[in-house]
Amino acid sequence: MKTSVELQDPFSYMIIWIILAVIILGAFVFTQVYFRKKLKEELKKAKKIRLKKLSEATLEGKKRKYMTELMYIETDLRNGKIDKREAYQKMSKCIRMFVHDVTGINVQKYSLMEIKRVNIPQLTQLVREYYEPEFALRSSADAATSIYRTRNTISSWRR
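Residues numbered from 1 in each chain as written. Predicted model: local features only at pLDDT ≥ 70, side-chain atom pairs only at ≥ 80, totals over all residues. Heavy atoms only, no water.

This part takes up the side chain of Ser 92. With respect to the helices and strands, the residue Ser 92 is situated in helix 3 (residues 84-103). Accessibility expressed as a relative area gives 4% for Ser 92, which makes it buried. Polar side-chain contacts of Ser 92 include one of 3.0 Å to the side chain of Arg 96. Beyond its immediate chain neighbours, meaning those up to four positions away, Ser 92 contacts Tyr 130 and Glu 134. (Helix = DSSP H or I, 4+ residues; strand = E, 2+ residues; numbered from the N terminus. Buried < 20%, exposed > 50% of the residue type's maximum accessible area, 1.4 Å probe, protein only. Polar contact = N/O pair within 3.5 Å; in protein donor to acceptor, adjacent residues only side chain to side chain. Contact = heavy atoms within 4.5 Å.)

Dropping the structure here:
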């Protein structure tokens, strides 16, 4: 007995899925290449940060200014005008503003990860040290030691 129904080859109706898969794969590869290229450009921009050039006298003036600020923070902490957390917040602001004033880099707005990319190890170390006591409700950090380290970083800064 003959039937009027003709069977189709299995792949004759599935070609659309192959085409869609190739298009999706192509779009995926394109976006990967595009975003990796964009990320590489951003990293190159971060590496090309130009540091401000200061005279020795200007640098010494900036050091005196921020050393005085640290002295006020230390005095206020000892006298109980500020607590440890506020002292760390002020130290963080102090060192970030110092680095901004002597380099021209806006590190006062940077997170720790962004500071690491700038490649100033002393600043990265201090900000990492400040993070826990600055943001935690309670901390066992020693503010006097941190003030000492901040003071050493500022006083030993070179052009």
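So, on to helix 3. An α-helix turns once per 3.6 residues; consequently, residues spaced three or four apart project the same way. Between the first and last C-alpha of helix 3 there are 28 Å, a value that for 20 residues agrees with the 28 Å anticipated at 1.5 Å per step. Count one or two residues on from helix 3 and you reach Gly 104, which has phi positive near 85°. (Expected span 1.5 Å × (residues − 1).)

Attention now moves to a nonpolar patch on the surface. A contiguous nonpolar patch, built from Met 14, Ile 15, Ile 16, Trp 17, Ile 18, Ile 19, Leu 20, Val 22, Ile 23 and Ile 24 and spanning about 990 Å² of accessible area, is present on the exposed surface. Relative to the elements of secondary structure, Met 14 occurs in the segment before helix 1 (15-47). Given a relative accessible area of 35%, Met 14 falls into the partly exposed group. (Patch = residues over 30% accessible without salt bridge, like charges linked within 9 Å, V, L, I, M, F, W, Y side chains within 5 Å. Areas by Shrake-Rupley, 256 points an atom, 1.4 Å probe, with all protein chains shown as cover. Salt bridge = Lys/Arg side-chain N within 4 Å of Asp/Glu carboxyl O.)

This paragraph deals with the packing of helix 3 against helix 5 (residues 121-135). One can describe the packing of helix 3 onto helix 5 by two numbers: an axis separation of 8 Å at closest approach and a directional angle of 155°. Our classification of the angle between helix 3 and helix 5 gives roughly antiparallel. Considering the relative orientation of helix 3 and helix 5, their crossing is left-handed. Contacts from Arg 85, Tyr 88, Gln 89, Met 91, Ser 92, Ile 95, Arg 96 and Val 99 of helix 3 reach helix 5 at Leu 123, Leu 126, Val 127, Glu 129, Tyr 130, Tyr 131, Pro 133, Glu 134 and Phe 135. Of the residues assigned to the contact of helix 3 with helix 5, the class counts are 11 nonpolar, two polar and four charged. (Axes fitted to C-alpha atoms, helices over the stretch in contact; angles between N-to-C directions. Parallel < 35°, antiparallel > 145°, perpendicular 65-115°, else oblique. Left-handed = near helix turned anticlockwise from the far one by under 90°. Nonpolar A, V, L, I, M, F, W, Y, C, P; charged D, E, K, R; others polar.)

A few words now on the packing of aromatic side chains. Under the criterion given, the structure shown has six aromatic pairs. Note on Phe 30 and Tyr 34: the rings are 6.3 Å apart at their centroids and 15° apart in plane angle, and the pair reads as stacked. In this pair, Phe 30 and Tyr 34 both sit in helix 1, four residues apart, roughly one turn of the helix. Under the relative-accessibility criterion, Tyr 34 is labelled partly exposed at 42%. Here the aromatic rings of Tyr 34 and Phe 35 are separated by 5.1 Å at their centres, their planes lie at 75°, and the arrangement is edge-to-face. Chaining the aromatic ring pairs together yields one cluster made of Phe 30, Tyr 34 and Phe 35. (Phe/Tyr/Trp six-rings, centres within 6.5 Å; stacked < 30°, edge-to-face > 60°.)

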